[in-house]
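# Breakdown of the fold
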Amino acid sequence: MDLNLTPAELKFRDELRAWLRANVPSDWEKHRTEDEMRERFEFLRVWQKKVYQAGWAGLSWPKEYGGRGAPLMEQVIFTEEMARAAAPPLANVLGLSLIGPTIIAFGTDPQKKRFLANILSADEIWCQGFSEPNAGSDLANVRTEARLDGDHYVINGQKVWNSYGWAADWCALLTRSDPNSTKHQGLTYILVDMKSPGVEVRPLRQMTGESEFCEIFFHDVRVPAANVLGKVGDGWNVAIGTLAHERATLGAGVQITLKRQFDRLVQLSHTTIRNGKPAAEDPVIRQKLGQCYTDIEIMRLNQMRAISRINQKGVPGPEGSVLKIFWTELNQRFQQIATELLGPYASLTKGDPHAIDEGQWAYGFLRARGNTIEAGTSEVQRNIVGHFVLGLPKSY
Amino acid sequence: MQFELTETQQTLKNTVLKFLAAECPMAEVRRLMETDTAFDPALWRKIAEQGWTGMLIPESYGGFGMGMVDMASALEEIGRALMPGPFFSTVLMAGPLIERAGNENQKQKYLGAIARGEAKVTVAFLEDPPAWSPDGVQMTARAAGGGYLLDGKKLFVPDAAVADFLVVIARLEGQLALFMVGSNSKGLSISPMSSMDLTRKVYEVALDGVKIAPEDVLATGAAAAAALGPARAIATAGLVAEMTGGMQRLLEITVEYAKTRKQFGRPIGQFQAVQHQCADMLLYTESSRSGAYYAAYALQEAIPEAPLAVSVAKAYSSDAYRETGNRAIQVHGGMGFTWENDAHLYYRRAKVSEQMFGDAAFHREQIAKMVVDAHPARPEEKAAGRG
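Starting from 1, residues in each chain are numbered consecutively following that chain's sequence as written. Key to labels: chains lettered from A, ligands numbered from 1, both in the order written. Side-chain atom pairs in this predicted model are given and counted only at pLDDT of 80 or more, local residue features only at pLDDT of at least 70, and totals for whole chains, interfaces and linings cover all residues.

## With respect to the overall build of chain B
Starting at the N terminus, helices and strands are each numbered in turn, a helix being any DSSP run of H or I of at least four residues and a strand any DSSP run of E of at least two. A count of helices and strands for chain B gives 12 helices and 10 strands. Computation of the radius of gyration draws on C-alpha atoms alone. For the globule rule, the value is 2.2 Å times the number of residues to the power 0.38. Taken over C-alpha atoms, the radius of gyration comes to 22 Å for chain B, in line with the 21 Å a tight globule of 387 residues would show. Projected onto its principal axes, the C-alpha positions of chain B cover 80 × 70 × 40 Å. Within chain B, the fraction of its 387 residues that count as buried is 53%. Once C-beta atoms are placed from the backbone, any two residues with those atoms within 7 Å are in contact. In chain B, of all internal contacts separated by at least 6 residues, the share reaching a separation of at least 24 is 76%. Neighbour density around each residue's C-beta defines its exposure: 20 or more other C-beta atoms within 10 Å make it buried, 12 or fewer make it exposed, and counts between make it partly exposed, where C-beta atoms are placed from the backbone.

## Concerning unusual backbone geometry
Backbone geometry follows two general trends: most residues other than glycine have a negative phi, and most peptide bonds adopt the trans configuration. In this structure, the amide linkage connecting B:Asp128 to the following residue, B:Pro129, adopts the cis form with an omega of 0°. Among the structural elements, B:Pro129 can be located in the loop between β1 (121-124) and β2 (141-144). Of note, A:Ala86 is a non-glycine position whose phi angle comes to about 55°, a positive value. Relative to the assigned elements, A:Ala86 resides in the loop between α4 (72-84) and α5 (93-106). A positive phi angle, close to 55°, is found at B:Ala38, a residue other than glycine. By the element assignment, B:Ala38 lies in the loop between α2 (26-33) and α3 (41-50).

## Quick notes on the nonpolar core
All names here are of chain B. Joined through C-beta atoms within 7 Å, a set of buried Ala, Val, Leu, Ile, Met, Phe, Trp, Tyr and Cys residues constitutes a nonpolar core. Counting residues in each nonpolar core, the largest one holds 238 residues, and the members touching the most others are Leu97, Val167, Phe179, Ala237, Ala295 and Ala296. Considering each element in turn, this core owes the most residues, 18 residues, to helix α7 (residues 221-260). Ignoring anything within four residues of it in the chain, the contact list for leucine 97 reads Val123, Val167, Leu178, Ala227, Leu228 and Ala231.

## Re the sheet that holds strand β7 (residues 202-212) of chain B
Two modes of strand pairing occur in sheets, parallel and antiparallel, and in both the strands are linked by backbone hydrogen bonds. All names here are of chain B. Here a strand pair is declared whenever DSSP counts at least two bridges between the two strands. Judged by pairing direction, the sheet is antiparallel, and its four strands sit side by side in the order β2-β3-β7-β6 without closing on themselves. The sheet is open, and its two borders are formed by β2 and β6 (188-193), each paired with just one other strand. Strand-to-strand twist across the sheet, computed as the mean angle between neighbouring axes with direction ignored, equals 10°. Interaxial angles span 0 to 180 degrees and are taken between N-to-C directions of axes, which are lines fitted to C-alpha atoms, for helices over the stretch in contact.

## A closer look at the interface of chain A and chain B
Every contact between the two is made by 43 residues of chain A and, on the other side, 47 residues of chain B. When contributions to the side of chain A that touches chain B are tallied by element, the ones reaching two or more residues are α8 (243-271), α9 (283-313), α10 (320-342) and α12 (378-389) of chain A. Its residues assigned to classes, the side of chain A that touches chain B shows 20 nonpolar, 16 polar and seven charged. Charged residues are taken to be Asp, Glu, Lys and Arg, nonpolar residues to be Ala, Val, Leu, Ile, Met, Phe, Trp, Tyr, Cys and Pro, and polar residues to be all remaining types, Gly included.

## Digging into helix α6 (residues 109-120) of chain A
Since the α-helix advances by 3.6 residues per turn, residues separated by three or four positions end up pointing in the same direction. All names here are of chain A. A helix is expected to span 1.5 Å for every residue after the first. With 12 residues, α6 extends 17 Å from end C-alpha to end C-alpha; this agrees with the ideal 16 Å at 1.5 Å per step. Each element contacted by the buried residues of α6 is listed here: α3 (37-53), α5 and β1 (126-129). Taken from the residues just after α6, alanine 122 is the one with a positive phi, measuring 65°.

## A short note on the domain arrangement of chain A
Residues and elements named next belong to chain A. Structurally, chain A comprises domain 1 (7-91), domain 2 (126-234) and domain 3 (242-389). Delimitation of the domains relies on an automatic or database domain assignment. Just the C-alpha atoms count here: the centres of domain 1 and domain 3 sit 22 Å apart. Contacts between domain 1 and domain 3 engage 11 residues on the former and 11 residues on the latter. Examining the composition of the side of domain 1 that touches domain 3, we find that nine residues originate from one element, α4, more than from any other. In terms of residue class, the side of domain 1 that touches domain 3 is made up of six nonpolar, three polar and two charged.

## Side note on the pairing of strand β2 (residues 145-149) of chain A
Residues and elements named next belong to chain A. Across five bridges, the pairing between β2 and strand β3 (residues 152-163) is antiparallel. Residue pairing across strands places arginine 147 opposite valine 154, the latter belonging to β3. If you look at the hairpin formed by β2 and β3, you'll find two residues sitting between the two strands, and glycine 150 has a positive phi there, around 70°.

## Brief notes about the domain arrangement of chain B
All names here are of chain B. Splitting chain B by domain gives domain 1 (7-119), domain 2 (123-220) and domain 3 (223-371). Between the C-alpha centres of domain 1 and domain 2 there is a distance of 22 Å. The interface is formed by 20 residues belonging to domain 1 together with 17 residues belonging to domain 2. Looking at the side of domain 1 that touches domain 2, the elements that each hand over two or more residues are α2, α5 (87-101) and α6 (104-116).

Below is the structure:
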């Protein structure tokens, strides 16, 4: 057991820290709280381009496709340092965390050349088309049809819950290419230009009032057969191939963001008056803060063990599901405790003069509700743990 | 960064696992738990021959000077096997305390004997009312005839009936003081307390004018307090490793049962209501393990935040072990409620371990002291106030 960073990792971290100190835009907080969604996204796209040009994007991606060919640990350090510096997130989230790695794993050389560098530079934004109205937790029930017609596939169907669908230039689409197939067989993963005729994007308004997600409709959309990623009919394996990776590495940033929010809450606990004295002196609140700190720290340690396992064994296991269950449920508990500690002011949203921290606590409380649903519900994650980790019979 | 056991530690852990499977299987645990002291001299001798009693003791005192992570990996298996007897009290509680509080002569005398398996030693801390904070220690030593006299009662003293020595924590002129007391001292009487945990026996120790020679004073005042904190941290981290092992065993027997027990024509583990409870048990067990390993590592490497790491680990596993036990018994159904099923033996251990060295609420308050009180408000906000 050795939790110290190596000299090389320390050097990398220090260089990155220095760069972030000099380059994190000072007006980010203003953009974060005041911009409309599309303005903010444009800001983030410009920021990602800057990160890419400085050589920090796609650290673990191969050099010949614009990455740095660095070890996984540098990617983890990058995620942590970005969160620690409160830097803006990178715009092309899905391209960077899921679709790029999938293209690296399954793509042909021309596909890698065509797509990867543009993902890193944010010149092309990606969304993912997996879920459908009747394929949510039962993801293998995908019905969107891909029918071969010459050297093109013709796509018809509807996708839903597409994050960044409104901003995307490309979509990584899971389709049914064999109409006689069921479940995991007969699926094909195909890369679709969102500017193709017949693609229609409709924003979905979620309970926070924002529209992060969209519905996407495909009417006779023609896609070159050369855009199939992996083998025709092997779409399921292509689609889930990098999910575990994402669950294992994305958590590093989530943990530090939670820790920063916790530290802020601790500050506020000294100035928030409850029952005539600072909340920080209320024994019940102290218990709850102690509990939150414990859980946030345990999350960090679970995360480190998961990364160690990838470093040792090369591939992440389905243990990523344990991390996802842990942080999503923890975030809900944390937001509840934060709003409880802060009292009535915590319920005020952006724009109200009495709102605390521009209403971020009210927003955080509502947004956290989605965590245990998006990217695989807690129930599905527990099925994965039960079946793939513990070896219990498949329940569905 | 490498946050898993090394190959050597994994080998050590496997050796302990195999040894206990052969020498201390559940049948033997059940036999011992029905005895008054749960102590088997033959098993103790074999443990000492294996070198376990000397693992933490520095080489200069006849031990192996191994690190706390090595110790934790062995303790996981010891907790998994529910090994009864005075190992924990001697090696995790008394040894580290004597090492930090004793003078050279005392260390040579007691640590060497512990390492060789010749001395079993326990620590007498709690009184009535029981409190894990040092403020709870009220027993007071009186100076008399060049030495001291001790009077009063200690409660929940583990393995006192089989211990050769007790480290008694008392007060001298208001300050903490640590005394070595031979178990055959005049005026010392030891009577069993009927604990829920059948595999860890605890005792009431009454001291009635017990004489302490000056050379049996381990430490007083600031030195005693300075030794007690870190020694308690080691025992607490050790306990969390043991608890993790117990959780691992509960998880294994429960998953096995869920795979084989059939209802409605299929294994109950196929029902999500059951499967999800098993998934939660894995989450608790792995999270507890993360906390246990980090606490052990932080102590071993003397990282400044070690006390925080220990409180985090104990706050987490105090609840997690009990919750794992709840789910284990629930999934076992009626079988889980029977005496013959092992789940209740772990559940009993979970409940008592929850309290030992402070429960979750105790450690959450410690964390609040270290984290909340240490980070005051931003000055400008303090001036402005709110609410």
